[in-house]
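Residue-level listing of the chains:
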Amino acid sequence: AQSVTQLGSHVSVSEGALVLLRCNYSSSVPPYLFWYVQYPNQGLQLLLKYTSAATLVKGINGFEAEFKKSETSFHLTKPSAHMSDAAEYFCAVTLGGYNKLIFGAGTRLAVHP
Amino acid sequence: DAMVIQNPRYQVTQFGKPVTLSCSQTLNHNVMYWYQQKSSQAPKLLFHYYDKDFNNEADTPDNFQSRRPNTSFCFLDIRSPGLGDAAMYLCATSRDRGGSTDTQYFGPGTRLTVL
């Protein structure tokens, strides 16, 4: 069965510092992987997705993620954090053919001056 | 802009009083989903419609029902809300139900308070 584990429920970085949010997946078949961002009292916005094309995926707002099959990872990075990046980030995997999103528990990113 | 719209954004109901949440989409997508997200938790799928075909998740309580009268609209009915049903309810759509093009697009959510 597919599952997702996000390491670190809270991450805090300084403005301008590297952002690294960790996601590991478990899947018996090649997965589709997603990162979503959620701002307070808002819905989820797609940052990027991996669909078995390029392993390095670029998303919106300067975020990117690299699919590493050997490590079963799909970590999200951004070279330089901005105050507006403070939000909850969810990694998710889908069951192919069903499109049911299985979410990780989420990582709350705080950015301080 | 094509989008997913949820009304109302905030809903207050009383314990046991039926409530309906609304979702509409201008994307002309075949699939519409309802998720429940409790505070500080990940969204959890309740059910989805693939066109007119209703698909319930095995652990969704009977208290939750859904209707999809046409492609654009989908409703979530909570027949007898309990205190434990207070949550953010998220509607999402996707063009189809499998494959690399089938990203789910989310609405802004409805936050339900049960008094």
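Before reading on, note that the structure itself is shown above.
Residues numbered from 1 in each chain as written. Chains lettered and ligands numbered in written order. Predicted model: local features only at pLDDT ≥ 70, side-chain atom pairs only at ≥ 80, totals over all residues. Heavy atoms only, no water.

1. Quick word on the interface of chain A and chain B
Point 1. The partner chain B presents 27 residues to the 20 residues of chain A that form the contact.
Point 2. Buried surface at the junction of chain A and chain B, both sides included, amounts to about 1,800 Å², of which 49% is carbon and sulfur.
Point 3. At the junction of chain A and chain B, the tally comes to one salt bridge.
Point 4. With a closest N to O distance of 2.6 Å, Glu-57 of chain B and Lys-100 of chain A form a salt bridge.
Point 5. At the boundary of chain A and chain B, one finds seven residue pairs in polar contact (both at pLDDT 80 or more).
Point 6. Looking at the side of chain A that touches chain B, the elements that each hand over two or more residues are strand 4 (32-38), strand 5 (44-50) and strand 10 (100-103) of chain A.
Point 7. No other element matches the four residues that strand 4 of chain A contributes to the side of chain A that touches chain B.
Point 8. A class-by-class count of the residues in the side of chain A that touches chain B yields 10 nonpolar, eight polar and two charged. (Contact = heavy atoms within 4.5 Å. Buried area = accessible area lost by both parts, 1.4 Å probe. Salt bridge = Lys/Arg side-chain N within 4 Å of Asp/Glu carboxyl O. Polar contact = N/O pair within 3.5 Å; in protein donor to acceptor, adjacent residues only side chain to side chain. Helix = DSSP H or I, 4+ residues; strand = E, 2+ residues; numbered from the N terminus. Nonpolar A, V, L, I, M, F, W, Y, C, P; charged D, E, K, R; others polar.)

2. Some thoughts on unusual backbone geometry
All names here are of chain B.
Point 1. With an omega of -15 degrees, the peptide bond running from Asn-7 to Pro-8 counts as cis.
Point 2. Inspection of the secondary structure assignment puts Pro-8 in the loop between strand 1 (4-7) and strand 2 (10-13).
Point 3. If you check the backbone angles, Asp-51 has positive phi at about 60 degrees while not being a glycine.
Point 4. By secondary structure assignment, the location of Asp-51 is in the loop between strand 5 (44-50) and strand 6 (53-56).

3. Some words on the nonpolar core
Point 1. Ranked by internal contacts, the top residues of the largest apolar core, which has 26 residues, are Trp-35, Leu-48, Phe-74, Leu-76 and Tyr-89 of chain A.
Point 2. Those elements that provide at least two residues to this core are strand 2 (10-14), strand 3 (19-26), strand 4, strand 5, strand 7 (64-68), strand 8 (73-78), strand 9 (87-95) and strand 11 (107-112) of chain A.
Point 3. Look past the residues within four positions of Leu-48 of chain A in its chain and what remains in contact with it is Leu-33, Phe-34, Trp-35, Val-57, Lys-58, Gly-59, Phe-63, Glu-64, Ala-65, Phe-74 and Leu-76 of chain A.
Point 4. In terms of nonpolar packing, the next biggest core, distinct from the first, is built from 18 residues, Val-4, Ile-78, Ala-87 and Cys-91 of chain B among them. (Core = buried A, V, L, I, M, F, W, Y, C linked by side-chain atoms within 4.5 Å. Buried < 20%, exposed > 50% of the residue type's maximum accessible area, 1.4 Å probe, protein only.)

4. A short note on the pattern of salt bridges
Residue and element names in this part refer to chain A.
Point 1. All chains considered together, the criterion is met by six salt bridges over all chains.
Point 2. Two residues, Asp-85 and Lys-78, come together in a salt bridge whose shortest N-O distance is 2.9 Å.
Point 3. On the accessibility criterion, Lys-78 (10% relative accessible area) is buried.
Point 4. Across the pair Glu-88 and Arg-108 runs a salt bridge, and its minimum N-O distance is 2.8 Å. Residue Glu-88 is located in strand 9, and its partner Arg-108 is located in strand 11; the two are separated by 20 residues in the primary sequence.
Point 5. Judged by relative accessible area, Glu-88 falls into the buried class, the value being 10%.
Point 6. Given a relative accessible area of 38%, Arg-108 falls into the partly exposed group.

5. A word on the sheet that holds strand 3 of chain A
Residue and element names in this part refer to chain A.
Point 1. Ordered by their spatial adjacency, five strands build an open sheet running 1-3-8-7-6, and the pairing between neighbours is antiparallel. Strands with a single pairing partner mark the edges of an open sheet, and in this sheet they are strand 1 (3-7) and strand 6 (56-58). For this sheet the average axis-to-axis angle between neighbouring strands, irrespective of direction, equals 20 degrees.
Point 2. When strand 3 meets strand 8, the two strands line up antiparallel, connected through four bridges. Paired with Val-19 across the two strands is Lys-78, which belongs to strand 8. (Pairing = 2+ DSSP bridges. Axes fitted to C-alpha atoms, helices over the stretch in contact; angles between N-to-C directions.)

6. Describing the packing of aromatic side chains
Point 1. Considering all chains together, one arrives at 16 aromatic pairs over all chains under this definition.
Point 2. Look at Phe-90 of chain A and Phe-103 of chain A: their rings are 6.0 Å apart centre to centre, the planes differ by 80 degrees, and that puts the pair in the edge-to-face class. Of the two residues, Phe-90 of chain A sits in strand 9 while Phe-103 of chain A sits in strand 10, which places them 13 residues apart along the sequence.
Point 3. Taken together, a centroid distance of 5.9 Å and an interplanar angle of 80 degrees make the contact between Phe-103 of chain A and Tyr-35 of chain B edge-to-face. (Phe/Tyr/Trp six-rings, centres within 6.5 Å; stacked < 30°, edge-to-face > 60°.)

7. Things to note about the environment of His-10 of chain A
Residue and element names in this part refer to chain A.
Point 1. Structurally, the position occupied by His-10 is in strand 2.
Point 2. Distance from His-10 to Ser-73, taken between C-alpha atoms, is 18 Å for residues 63 residues apart in sequence.
Point 3. His-10 has contacts with Thr-107 and Arg-108, leaving out every residue within four places of it along the chain.

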